[in-house]
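# Analysis of the macromolecular model
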Amino acid sequence: MSEAPLYLEVITAEQVLHAGSVQFASAPGILGNLSLYYRHAPLLTMLKPGSISFITTDDVAHLLFVSGGILEVQPTSVTILADTVIRAEDLDEKSALVARESAKQQLSKGKKDINYEEILSELANASAQIEIFRRLRKLKK
Amino acid sequence: MSTTQLYRKQIASVKSIQTITHAMELVAASRIRKVQKRMEESRPYAYKIREVLGHLASSQHHCNRRALMQLEQPKKVAMIVVSSDSGLCGGLNLNLFKSVVNQQKEWSEQSILTEMCLLGRKAMSFFKRFDTNILAYAEKFGTFPKVAELIGVVKIVLDAFDDQKIDAIYLCYNKFVNTMLQAPQIVQLLPLEKIAPLGQREHWDYLYEADFDFILDTLLTRYIESQVYQSVIENIACEQAARMLAMKNATDNTADLIQSLQLAYNKVRQAGITQEISEIVAGVEAL
């Protein structure tokens, strides 16, 4: 365990998903995954679709899906202002797989009247969710 | 028409008003719980984003973005005034408008001009009577507004700020304290007020992944959106609470009114009967 706990808050416009001390947290920064410990340098970045994971001070690991948002890091605290967050156990793998396939299909068809940005973000969301399931299975093994 | 009939008609009409006010009270009471829940859910986000931007404003980043610079003497400020769409909610809107007008007067003494950005029909019908510049206007949010409905107004105000047409943005709304108490608030949105982060050295700056301007722009838009959204939601909660109270008072008043009308009616009716009897008696005596 590191020397002192980090205070982590995961907040969306609808709810507070976590507010409490953690030993360690990781979040998908726009330029790559970030691992955050106590006394991290202050940092401000956007988030991309991916997974947030953290281990609370009582040694419980949490895994969340995040669709995007803002991450603020202060030496003693981390704040994640997320657009959408879903707990890994509430995710539905089948619908994620379906969403990924349909997004891929739409992209490969290359129709003119489709909204590329929207489909790309759907694809990114679905892929991130599927990645979370892969990690969950790995943890169980 | 005889007096008794007149009274009976009056009593009937007051009774139907009572039914309406009572129904409105119940509707407001059932809505308030849902709105209050919604308001409390989105409060943490609104507070936190304000805090993060406050931290950002207190950092030592050297840039010439207007959002981060406090002006000593602003020339023109914008006020976003949040009001309700419908009336019958007591003095809620008027209390807010009063504090807005007072603030306006104070600024105009320092020769600061104000522009108005109005949300809700009541604000429009109030401020169009005065000589005010109206920058933007939106109405009809219903009980559960969506962030998307506010984006247009937010964009107009932010663009005006970026184009240096205005130097500061203030948000005026009713803060929901509890069901009995709503407090008019005037808060500065831009330029950002500094909030020093806990346990941080005096001179520090963030590491910015990606471009600073990109992050700041995104943050600012989300910040204004969330603040305006939060204030609209709070104002709706206030509106329902104020309406519940106003309608409860109205219902109580109609009960008093009915009682006194009933008393007057009884008196007139009794007087009529007495008169008729004495007429009959007089007639009998004459025989």
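Refer to the structure above for everything that follows.
This is a predicted model, so every value here is computed, not measured.

## So, the overall build of chain B
The number of helices and strands found in chain B is 5 helices and 6 strands. Listing every helix and strand of chain B by position from the N terminus yields α-β-α-β-α-β-α-β-β-β-α. Here the C-alpha radius of gyration of chain B, 28 Å, is well above what a compact globule of 287 residues would show, namely 19 Å. The principal-axis extent of the C-alpha atoms belonging to chain B is close to 115 × 40 × 30 Å. In chain B, which comprises 287 residues, the proportion classed as buried is 44%.

## Overview of the overall build of chain A
The helix and strand tally for chain A stands at 2 helices and 9 strands. Each principal axis of the C-alpha atoms in chain A carries an extent, and together these give about 55 × 35 × 25 Å. A total of 141 residues make up chain A; the buried ones form 47% of that total. Taking as baseline every contact in chain A between residues at least 6 positions apart, the subset at least 24 positions apart corresponds to 53%. Total accessible area on chain A stands at roughly 7300 Å², and carbon and sulfur atoms take up 51% of it. For chain A, the distance from the average position of its 15 positive side-chain charges to the average position of its 17 negative side-chain charges is 10 Å.

## Focus: the packing of aromatic side chains
Residues and elements named next belong to chain B. Per the counting criterion, the structure on display carries 8 aromatic pairs over all chains. Residues Trp107 and Tyr170 carry aromatic rings whose centres are separated by 4.8 Å and whose planes lie at 55 degrees to one another, so their mutual orientation is tilted. Residue Trp107 is found in helix H2 (residues 92-109), and its partner Tyr170 is found in strand S4 (residues 168-176); the two are separated by 63 residues along the sequence. Classification of Trp107 as buried rests on a relative accessible area of 8%. Taking 4.8 Å as the distance between ring centres and 80 degrees as the angle between the ring planes, the aromatic pair formed by Tyr208 and Phe212 counts as edge-to-face.

## Here we look at the side chain of Gln129(A)
Residue and element names in this part refer to chain A. Tracing the backbone shows Gln129 in helix H2 (residues 116-140). We classify Gln129 as buried; its relative accessible area is 13%. Beyond its immediate sequence surroundings of up to four residues, Gln129 is in contact with Phe65, Ile86, Leu91 and Ala96.

## Examining the pattern of salt bridges
For the coordinates displayed, the defined rule picks out 13 salt bridges over all chains. For Arg134(A), the salt bridge identified is with Glu131(A), shortest N-O distance 2.8 Å. Within this pair, Arg134(A) and its partner Glu131(A) are both found in helix H2, separated by 3 residues, close to a single helical turn. A relative accessible area of 34% means that Glu131(A) is categorised as partly exposed. Close ionic contact of Glu139(B) with Lys140(B) constitutes a salt bridge, the shortest N to O distance being 3.6 Å. Given the relative accessible area of 28%, Glu139(B) is considered partly exposed.

## Here we look at the layout of surface pockets
Estimates place the volume of the largest pocket at around 460 Å³. If you trace the largest pocket, you find 18 residues lining it, with Ala13(A), Glu14(A), Asp83(A), Tyr45(B) and Val147(B) closest to the centre. At the level of elements, helix H1 (3-58) and helix H5 (212-286) of chain B are the ones that each hand at least two residues to the lining of the largest pocket. Its residues assigned to classes, the lining of the largest pocket comprises 7 nonpolar, 4 polar and 7 charged. Space inside the second largest pocket adds up to approximately 260 Å³. Along its surface, the second largest pocket is lined by 14 residues, and Ser53(A), Ala61(A), His62(A), Leu63(A) and Leu139(A) are the ones closest to its centre.

## Things to note about the sheet that holds strand S1 (residues 76-82) of chain B
Residue and element names in this part refer to chain B. Here we have 5 strands laid out as an open sheet, ordered S3-S2-S1-S4-S5, and mixed in their pairing. One side of each edge strand has no neighbouring strand; the edge strands of this open sheet are strand S3 (133-138) and strand S5 (182-190). Along the sheet, successive strands turn relative to each other by an average axial angle of 20 degrees, direction set aside. The pairing of strand S2 (residues 113-119) with S3 spans 5 bridges and is parallel. Paired with Met116 across the strands is Ile134, a residue of S3. Contacts from H5 reach S1, S2, S4 and S5, with the element oriented near 30 degrees to S4.

Scoring rules and cut-offs
- Residues numbered from 1 in each chain as written.
- Chains lettered and ligands numbered in written order.
- Predicted model: local features only at pLDDT ≥ 70, side-chain atom pairs only at ≥ 80, totals over all residues.
- Heavy atoms only, no water.
- Helix = DSSP H or I, 4+ residues; strand = E, 2+ residues; numbered from the N terminus.
- Rg over C-alpha atoms; globule rule 2.2 N^0.38 Å.
- Buried < 20%, exposed > 50% of the residue type's maximum accessible area, 1.4 Å probe, protein only.
- Contact = heavy atoms within 4.5 Å.
- Areas by Shrake-Rupley, 256 points an atom, 1.4 Å probe, with all protein chains shown as cover.
- Lys, Arg positive; Asp, Glu negative; His and termini not counted.
- Charge placed at Lys NZ, Arg CZ, Asp CG, Glu CD.
- Phe/Tyr/Trp six-rings, centres within 6.5 Å; stacked < 30°, edge-to-face > 60°.
- Salt bridge = Lys/Arg side-chain N within 4 Å of Asp/Glu carboxyl O.
- 1 Å grid on protein atoms, 1.4 Å probe; cavity = no way out; pocket = protein on both sides within 12 Å on 5 of 7 lines; lining within 4 Å.
- Points joined across faces, edges and corners; volume = space filled by probe spheres on them.
- Nonpolar A, V, L, I, M, F, W, Y, C, P; charged D, E, K, R; others polar.
- Pairing = 2+ DSSP bridges.
- Axes fitted to C-alpha atoms, helices over the stretch in contact; angles between N-to-C directions.

All we've got here are geometric facts, nothing functional implied.
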